[in-house]
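Fold and geometry: a report
Listed below are the residues making up each chain.
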Amino acid sequence: ADYSQDEKALLGACDCSQIVKPSGVHLKLVLRFQDFGKAMFKPMRQRREEETPEDFFYFVDFQRHNAEIAAFHLDRILDFRRVPPTVGRLINVTKDILEVTKNEVLQSVFFVSPASNVCFFAKCPYMCKTEYAVCGNPHLLEGSLSAFLPSLNLAPRLSIPNPWIRSYSFDGKEEWEVNPLYCNTVREIYPYSNSNRLLNIVDMAIFDFLIGNMDRHHYEMFTKFGDDGFLLHLDNARGFGRHSHDEISILAPLSQCCIIKRTTLLRLQLLAEPEYLLSDVMRESLLQDPLAPVLTEPHLLALDRRLQLILAAVGKCIDTFGEATVVANDTAQPQSPAEHRAKVGT
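Nothing here was measured: the structure is a model prediction, and the numbers come from that model.

Cut-off values and rules
Residues numbered from 1 in each chain as written. Predicted model: local features only at pLDDT ≥ 70, side-chain atom pairs only at ≥ 80, totals over all residues. Heavy atoms only, no water. Phe/Tyr/Trp six-rings, centres within 6.5 Å; stacked < 30°, edge-to-face > 60°. Helix = DSSP H or I, 4+ residues; strand = E, 2+ residues; numbered from the N terminus. Buried < 20%, exposed > 50% of the residue type's maximum accessible area, 1.4 Å probe, protein only. UniProt positions renumbered as here; feature names shortened; annotations may be inferred. Polar contact = N/O pair within 3.5 Å; in protein donor to acceptor, adjacent residues only side chain to side chain. Contact = heavy atoms within 4.5 Å. Expected span 1.5 Å × (residues − 1). Pairing = 2+ DSSP bridges. Core = buried A, V, L, I, M, F, W, Y, C linked by side-chain atoms within 4.5 Å. Domains from an automatic or database assignment.

Details of the packing of aromatic side chains
With the rule as written, the count across this model stands at 4 aromatic pairs. A centroid spacing of 4.8 Å and a plane angle of 20 degrees characterise the contact between Phe-110 and Phe-120, whose relative ring orientation is stacked. Note that Phe-110 is positioned in strand β5 (residues 110-112) and Phe-120 in strand β6 (residues 118-120), a separation of 10 residues in sequence. Per residue, the accessibility class of Phe-110 equals that of Phe-120, and both read buried. With a centroid separation of 5.4 Å and 85 degrees between ring planes, the pair formed by Trp-164 and Tyr-182 is classed as edge-to-face. Taken together, the positions of Trp-164 in the loop between β9 (157-161) and α5 (175-178) and Tyr-182 in helix α6 (residues 182-187) put the pair 18 residues apart, joining distant regions of the chain.

Description of the UniProt feature "binding site: ATP" (unreviewed entry) in the protein chain
According to UniProt, the "binding site: ATP" (unreviewed entry) feature falls on Lys-42, Ser-146, Ala-147, Phe-148, Leu-149, Glu-220 and Asp-235. Secondary-structure assignment places Lys-42 in strand β3 (residues 38-43). Its relative accessible area of 6% is what places Lys-42 among the buried residues. Among the polar contacts listed, one links the side chain of Lys-42 to the side chain of Glu-68, at a separation of 2.6 Å.

Focus: the environment of Leu-231
Within the secondary structure layout, Leu-231 lies in the loop between β10 (218-222) and α8 (252-257). Residue classification places Leu-231 among the buried positions, given a relative accessible area of 0%. The spacing of Leu-231 and Met-204 is 27 residues in sequence and 7.9 Å in space, taken between C-alpha atoms. Not counting the four nearest positions on each side in its chain, Leu-231 is found in contact with Arg-82, Arg-197, Asn-200, Ile-201, Met-204, Tyr-219, Glu-220 and Met-221.

What about helix α2 (residues 65-77)?
Along an α-helix, residues three or four apart share an orientation, since each turn contains 3.6 residues. Between its terminal C-alpha atoms α2 stretches 19 Å, which fits the 18 Å expected from 13 residues at 1.5 Å a residue. Considered for burial, the residues of α2 that qualify are His-65, Asn-66, Ala-67, Glu-68, Ile-69, Ala-70, Ala-71, Phe-72, His-73, Leu-74, Asp-75 and Ile-77. Asp-79 sits one or two residues past α2 and shows a positive phi near 65 degrees.

Things to note about the UniProt feature "active site" (unreviewed entry) in the protein chain
Listed under "active site" (unreviewed entry) in the UniProt record, and renumbered for this structure, are Asp-215. Looking at where Asp-215 falls in the secondary structure, it is placed in the loop between α7 (197-211) and β10.

What about the sheet that holds β5?
The strands making up a sheet associate through hydrogen bonds between their backbones, and the pairing can be parallel or antiparallel. Reading across from one edge, β5-β6-β7 is the order of the 3 strands in this open sheet, with antiparallel pairing throughout. The open sheet terminates on both sides in strands that have one partner only, identified here as β5 and β7 (134-135). For β5 and β6, the ladder comprises 3 bridges, and the chain directions are antiparallel. Bridge pairing in β6 places Phe-110 opposite Phe-120.

Digging into the nonpolar core
Counting 58 residues, the largest nonpolar core has Trp-164 and Met-282 as its most contacted members. At the level of secondary structure, the elements contributing two or more residues to this core comprise α2, α6, α7, β10, α8, α9 (262-270), α10 (278-286) and α11 (297-321). Top contributing element to this core by residue count: α7, with 10 residues. Both of domain 1 (2-147) and domain 2 (157-328) provide at least three residues apiece to this core.

What follows is the structure in structure tokens.
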């Protein structure tokens, strides 16, 4: 067990700028298994039935282990498949972390609480105190384990600012928040001007709206696939915070650009059908996780409500611009080599 790369970056132990941006109070650990596989461990910080207080800004929200798990299942149901495999686990923080780590700093932040539970907290230059500790009961702690991506040597990737990044101040506004024609500006900027990148941004916005994630300040891509590669949907722990609120501003890329992939639209329409309701499919999928139930019923029902809002936004775009302009046809199958050879032979 060890600290994650961004915590090490905060401590000045490595140059991790190409991987993730440093965070403050969010405790993450890297667990290495006996077969040398690695996973990112995020401990339980908030109980399933608790909602994020409405006065919280998105950039000080909790990170939720069950949101990471549910996001993986939703991403797979939507057929995006851009979230690394994530599963819930009960971890013995004493045997699986404290007794195996060789990191003396990590060892130093373990303590026994007044309730005789084993706890630990993040070590970083600011905002990391015992008040933010996570505790076992007395040793067992729920958490999410996310499979590691290949190393940067094997699979280099870039971290790119989201064009619809939010203001990370208490009173500031970004241009997209005040200019409804903002997408026209984005369309003129490379690579959004001549690739499917904008369509992938819309996919990501739809995904984030469904989970209620307002914290998508960057996205990552593997460099191997060039401009038309897919976006990685990483760090989803700030999703599923408030089932009672639909943050419609997350859909800005869809509502301002008025474009969507046909495959995405068809999948959303299918998941709105009574026999394939998104909430039912998610409920069934999440039952496979060791920590089931992963989401409370209000969060599952919120998915159906938000799906209808997405379809309504697409319908409004089609009414304004026409289906041919709004719905991008990405269903055409590329010719297989066998078909190509047959045509050449004739």
